[in-house]
Amino acid sequence: MVDMKEIKDSLPDEDDANDPDVSFQTHHLAFFIAAIGRRKVPTKIQPPRTSPDRPTVPPKHSQFAHVDKAEMLKALGQLGNNAGLIGALQHKLDDLVGMSSGFVESLHWKVRARVNALSEAQGEHDELYGKFLEEKRALEERYAKLYAPLYAKRAAIVKGEKDVDAKPEDGDDADEEAPKGIPDFWLCALRNHEVLGEQITEKDECALKHLVDITSRSLTKEDFAKDEDDEEEDDEEEEEPIGFALEFHFEPNNYFEDAVLSKKYFMADMDDPILEHSEGTDIAWKQGKNLTVKVLRKKPKKGAPKNAKPITKTEKTESFFNFFSPPEVPDEEAELDPEEVEQLQEAMEMDYEIGAIIKDKIIPNAVEWFTGEANEDEDDEDYSDEDDEDDEDDFDGDDSDEDSDDEDAAPKKGKGKKGGADGEEKPPECKQQ
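First things first, this report covers the structure right here in the doc.

### A short note on the overall build of the chain
Next up, step 1: A tally of regular secondary structure across the chain gives 13 helices and seven strands.
Next up, step 2: Here the chain, with 433 residues, has 29% of them falling under the buried criterion.
Next up, step 3: Expressed as a percentage of contacts within the chain between residues at least 6 apart in sequence, the contacts between residues at least 24 apart total 70%.
Next up, step 4: Roughly 29600 Å² of accessible area belongs to the chain as shown, and the carbon and sulfur atoms make up 48% of that amount.

Encoded structure:
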């Protein structure tokens, strides 16, 4: 048990600001105190591993790896019921954050001048980088408009609203009646991605057969969920939200009433992905068709009337449609221990990764995921990385290749069943509803 009085007495003062370790710990304390004060867990999401154009960046301040983050979280978790101590600590941190550690001042005066010159160059670089980001966003918006008619054409063909000229090839039955559009197009595209395929259960497939399009768009002011207090505020003072929305379009089906299921990601920053929270559609399931829960039935006890009904209860179960019920960021009154904070962090990271895969990979390249070509390309990249690692082992003189060959050759297994159009394992037949 961490002694809170000891923490309070050991808070750094202005003299301690010259100690780099104390300065670093102070910044981390400020970060976690802000989280406790707002009860919104700041979740900085690393770019998904599956995105080749987003390299993973090593964590900052790695030179301070000796700081015990778990112990710090444990101590801060005990501040939940002490608003006065939180306020005092926050006030202390406000005074210290931003103070010089004294490191630069301790350098030789010529070295200090060189560092200052580099800082000026860095400032010019940052200004140029800001302009680059502005132009990048404008370019993305411009090409989004150019992509739109191509996506609309794809949707029309998939739904069967638009057809193409075709002649039977050798071996084709010219008299066989063609199905409407491209059946199971989006189901196959999603299932053929390794990460997404693991989220799709056999029961999900029957509902996802009715998925006819997936679109993405930038968030607007209308995407903010307003309460009574928000409605009183002037709309002109509202800032344009940062983030994106995914919209899943379904044809009429026997599972839910909704024609569109949406998922919205509210970001603090898109260039360095920082997720604030996400929101999903509250699905209007039809009676007995909720794929996200399973019904448990218990037989009546002995001696109960013959006509007594069995006791039933529902329990959450694995389903792709849980994607529309994202992790909830707790409110200000909630108390989280370090383990719960870590679990929330991991859940938010996975939630963002799935959304980013659909937005950046599936939607732009849907036909390649449907046919399986995109999956083959990713497999080639994986093998290339493994070959590079093997080459490095050879240079190091490692003779353990014989032991690792069998392990490397073993295919990965997941819950989802890949295939469909690419000739691999077919999905189970769905019973006609």
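Still more to cover.
### Digging into the packing of aromatic side chains
Aromatic rings in a pair are described by how distant their centres are and how their planes are angled relative to each other.
Next up, step 1: A complete count under the given rule lists 20 aromatic pairs for this structure.
Next up, step 2: Between Tyr147 and Tyr151, the aromatic rings sit 6.1 Å apart at their centres with planes inclined by 40°, giving tilted as the arrangement. Taken together, the positions of Tyr147 and Tyr151, both in helix 5 (residues 109-159) and four residues apart, correspond to about one turn of that helix.
Next up, step 3: For Tyr147, a relative accessible area of 42% translates into the label partly exposed.
Next up, step 4: Ring geometry for Phe320 versus Phe321: centroids 5.9 Å apart, planes at 80°, classification edge-to-face.
Next up, step 5: For Phe320, a relative accessible area of 2% translates into the label buried.
Next up, step 6: Given the relative accessible area of 1%, Phe321 is considered buried.

### Comments concerning the pairing of strand 5 (residues 274-280)
Next up, step 1: In this structure, strand 4 (residues 260-269) lies alongside strand 5, joined through six bridges in antiparallel fashion. Residue pairing for strand 5: Met267 is matched across the bridge by Leu275.
Next up, step 2: In textbook terms, the turn of a hairpin is the stretch between consecutive antiparallel strands, and for strand 4 and strand 5 this stretch comprises four residues.

### Details of the pairing of strand 3 (residues 243-250)
In summary, the side chains of a regular strand alternate between the two faces of the sheet.
Next up, step 1: Buried residues dominate strand 3, accounting for seven of its eight residues.
Next up, step 2: Sheet topology places strand 2 (residues 211-218) next to strand 3; seven bridges connect them, and they run antiparallel. Each bridged residue has a counterpart across the sheet, and for Ile214 the counterpart in strand 3 is Phe248.

### Regarding the nonpolar core
Next up, step 1: Judged by nonpolar contacts, the single largest core of 47 residues is most densely connected at Leu190, Phe248, Phe321 and Ile358.
Next up, step 2: Where this core is concerned, the elements lending two or more residues are helix 6 (185-191), helix 7 (194-197), helix 8 (202-208), strand 2, strand 3, strand 4, helix 10 (338-362) and helix 11 (366-371).
Next up, step 3: The dominant element in this core, judged by the number of residues it contributes, is helix 10, at nine residues.
Next up, step 4: If near-sequence neighbours (up to four positions away) are discounted, Ile358 is found in contact with Leu190, Leu196, Ile214, Leu246, Phe248, Phe323, Ile363 and Pro364.

### A look at helix 5
Next up, step 1: End to end, helix 5 covers 71 Å across 51 residues, agreeing with the expected 75 Å (1.5 Å per residue, within 8%).
Next up, step 2: Along its length, helix 5 reaches its greatest deviation from straightness, about 30°, at Tyr147, and the proline Pro149 lies no more than four positions downstream.
Next up, step 3: Of all the positions in helix 5, only Leu133, Arg154, Ala155, Ala156 and Val158 are classed as buried.
Next up, step 4: Those residues of helix 5 that are buried lie in contact with helix 6, strand 2 and helix 11.
Next up, step 5: The positive-phi residue at the C-terminal boundary of helix 5 is Gly160, with phi of around 90°.

### Overview of the side chain of Ser319
Next up, step 1: Among the structural elements, Ser319 can be located in the loop between strand 7 (311-316) and helix 10.
Next up, step 2: A relative accessible area of 7% means that Ser319 is categorised as buried.
Next up, step 3: At a separation of 2.8 Å, a polar atom in the side chain of Ser319 contacts the side chain of Asp204.
Next up, step 4: Apart from the residues within four sequence positions on either side, Ser319 is in contact with Gln199, Thr201, Asp204, Leu291 and Thr292.

### Thoughts on a negative patch on the surface
Next up, step 1: Together, Glu169, Asp170, Asp172, Asp173, Asp175 and Glu176 make up a negatively charged patch on the protein surface.
Next up, step 2: Within the secondary structure layout, Glu169 lies in the loop between helix 5 and helix 6.

### What to know about a nonpolar patch on the surface
Next up, step 1: Residues Leu139, Tyr143, Leu146, Tyr147 and Leu150 make up a contiguous nonpolar surface patch of roughly 500 Å² in combined accessible area.
Next up, step 2: Tracing the chain through its elements places Leu150 in helix 5.

### Let's talk about the environment of Met348
Next up, step 1: You can see Met348 is positioned in helix 10.
Next up, step 2: Along the backbone, Met348 and His277 are 71 residues apart, and their C-alpha atoms lie at a distance of 7.9 Å.

### Regarding the pattern of salt bridges
Between side chains of opposite charge, pairing is possible as soon as their charged atoms come close.
Next up, step 1: Using the criterion set out here, one finds eight salt bridges in the structure.
Next up, step 2: Arg217 is the salt-bridge partner of Asp223, the closest N and O atoms lying 2.9 Å from each other.
Next up, step 3: Two residues, Asp351 and Lys263, come together in a salt bridge whose shortest N-O distance is 2.5 Å. Of the two residues, Asp351 sits in helix 10 while Lys263 sits in strand 4, which places them 88 residues apart along the sequence.

Criteria and thresholds
- Residues numbered from 1 in each chain as written.
- Predicted model: local features only at pLDDT ≥ 70, side-chain atom pairs only at ≥ 80, totals over all residues.
- Heavy atoms only, no water.
- Helix = DSSP H or I, 4+ residues; strand = E, 2+ residues; numbered from the N terminus.
- Buried < 20%, exposed > 50% of the residue type's maximum accessible area, 1.4 Å probe, protein only.
- Contact = heavy atoms within 4.5 Å.
- Areas by Shrake-Rupley, 256 points an atom, 1.4 Å probe, with all protein chains shown as cover.
- Phe/Tyr/Trp six-rings, centres within 6.5 Å; stacked < 30°, edge-to-face > 60°.
- Pairing = 2+ DSSP bridges.
- Core = buried A, V, L, I, M, F, W, Y, C linked by side-chain atoms within 4.5 Å.
- Expected span 1.5 Å × (residues − 1).
- Bend = angle between axes of the 7 residues up to and from the residue.
- Polar contact = N/O pair within 3.5 Å; in protein donor to acceptor, adjacent residues only side chain to side chain.
- Patch = residues over 30% accessible without salt bridge, like charges linked within 9 Å, V, L, I, M, F, W, Y side chains within 5 Å.
- Salt bridge = Lys/Arg side-chain N within 4 Å of Asp/Glu carboxyl O.
- Lys, Arg positive; Asp, Glu negative; His and termini not counted.
- Charge placed at Lys NZ, Arg CZ, Asp CG, Glu CD.

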